[in-house]
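Okay, here's what each chain looks like letter by letter:
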Amino acid sequence: MKLMFKKIITNSTILSIPGFLGILISLISIPIHLNIAGPENYGNYIFFHFILTISIILNFGIGKSTVISINNYPKFKKKICFEALYYTKYILKIFLSICLLIFLIDHLIYNLNLNYSFFFYFISGSIMTVIFVTLEGILQGYRKFKFISMMNLFFFSFSFSFPSILLFYYENLNLNNLILISIGIKFFSILIMYIFIENKNLIINIKSNILFINLK
């Protein structure tokens with residue numbers, strides 16, 4: 001009983017550390033960003049990340065449904081994980097097609113003067129967010145909670161706060177530079193997750209309909 005309680009305390013502590021680190025990094029980064037770049041720059045920076053947070057809905061529940069499907073059919077977990085990536089790919093194709101259509105309408109017809117840099121960053125960040133949620137669902141299905149906790153720290157907290165901290169050393173960084181660095185960290189995070197999934201052989205290239213039924 002004591003060993004079990006000790007294990008629970010240890011695991012809880014390990015899982016809580018990334019959250020505490022995220023809060024600590026934020027407390028350091030916010031004053032730096034405000035003092036060096038100013039409130040307007042910081043407001044635009046927060047607005048961009050707020051939009052990316054909303055883009056989680058573009059995953060359409062694939063991540064959560066993957067966890068549920070794996071728990072219901074553990075023998076088919078590798079097939080379910082492949083199915084999750086398969087559907088995510090098609091969602092991203094539709095999303096990119098809509099964004100391309102918006103770009104063409106603006107460029108050829110209405111000339112709305114979109115900020116194309118911001119538009120490109122939004123598309124890139126949204127794609128990475130959708131992929132992250134799917135990969136997170138796969139890892140949750142396999143109960144890789146410690147690894148997920150660390151990746152959450154990088155993808156959300158670190159990608160948000162680290163560019164602001166860099167202003168302390170490079171004051172000439174503008175908003176586009178900060179967003180680009182943030183997106184780079186997000187890309188690095190999902191790359192590590194995908195490599196981990198591949199190395200652990202958590203997916204098999206065979207499609208099933210289990211996840212599709214749960215999504216319906």
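As shown above, the structure is provided for reference.
These numbers were taken from a predicted model, which means no experiment stands behind them.

Participant: Would you mind showing me how to read the side chain of T134 here?
Facilitator: With respect to the helices and strands, the residue T134 is situated in helix α5 (residues 116-141). When its relative accessible area of 0% is taken as the criterion, T134 is described as buried. Aside from chain neighbours lying at most four places away, what touches T134 is N59, I62, G63, A84, L85 and T88.

Participant: Would you take a moment to explain a nonpolar patch on the surface for this structure?
Facilitator: On the surface, L100, F103, L104, L108 and Y116 cluster together into a nonpolar patch covering about 460 Å² of accessible area. Ranked by the residues each element gives to the nonpolar patch, the list is headed by helix α4 (residues 77-110), at four residues. Relative to the helices and strands, L100 resides in helix α4.

Participant: What's the story with the packing of helix α2 (residues 39-54) against helix α6 (residues 145-166) in this structure? I'm lost.
Facilitator: When two helices pack together, their arrangement is captured by the angle between the axes and the distance separating the axes. At a minimum axis separation of 11 Å, α2 and α6 run at an interaxial angle of 160 degrees. Taken together, α2 and α6 sit at an angle that is classed as roughly antiparallel. Here the hand of the crossing between α2 and α6 comes out right-handed. Packed against α2, whose contacting residues are Y42, Y45, I46 and H49, the element α6 presents S159, F160, P163 and S164 at the interface. The class makeup of the residues in the contact of α2 with α6 is five nonpolar, three polar and no charged.

Thresholds, definitions, all that
Along each chain, residues carry numbers from 1 onward, in the same order as the chain's sequence is written. Owing to the predicted nature of the model, reporting of local features is limited to residues with pLDDT of at least 70; listing and counting of side-chain atom pairs is limited to 80 or more, with chain, interface and lining totals taken over all residues. The side-chain figures draw on all heavy atoms in the structure; neither hydrogens nor water molecules are used. Secondary structure elements follow DSSP: runs of H or I of four or more residues count as helices, runs of E of two or more count as strands, with numbering from the N terminus. Think of it in three bands: residues with accessible area under 20% of the maximum for their type are buried, residues over 50% are exposed, and the middle band is partly exposed, with areas taken using a 1.4 Å probe on protein chains only. For this analysis, residues touch if any pair of their heavy atoms sits within 4.5 Å. Within this analysis, patches are made of residues with over 30% relative accessible area and no salt bridge. Like charges are joined at 9 Å or less; nonpolar side chains (Val, Leu, Ile, Met, Phe, Trp, Tyr) at 5 Å or less. Only the protein chains shown count as covering a residue, and every accessible area follows the Shrake-Rupley method with a 1.4 Å probe. What counts as a salt bridge is simple: a side-chain nitrogen of Lys or Arg found within 4 Å of a carboxyl oxygen of Asp or Glu. Here an angle of 0 to 180 degrees is reported between the N-to-C directions of two axes, which are lines fitted to C-alpha atoms, with helices fitted over the stretch in contact. Throughout this description, any angle smaller than 35 degrees is read as roughly parallel, any larger than 145 degrees as roughly antiparallel, any in the 65 to 115 degree range as roughly perpendicular, and the remainder as oblique. Throughout, a crossing is termed right-handed when the near helix is turned clockwise from the far one, and left-handed when it is turned anticlockwise from it by less than a right angle. We call Asp, Glu, Lys and Arg charged. Ala, Val, Leu, Ile, Met, Phe, Trp, Tyr, Cys and Pro are nonpolar, and the rest, Gly among them, are polar.

Keep in mind that these numbers describe shape and distance, not what the molecule does.
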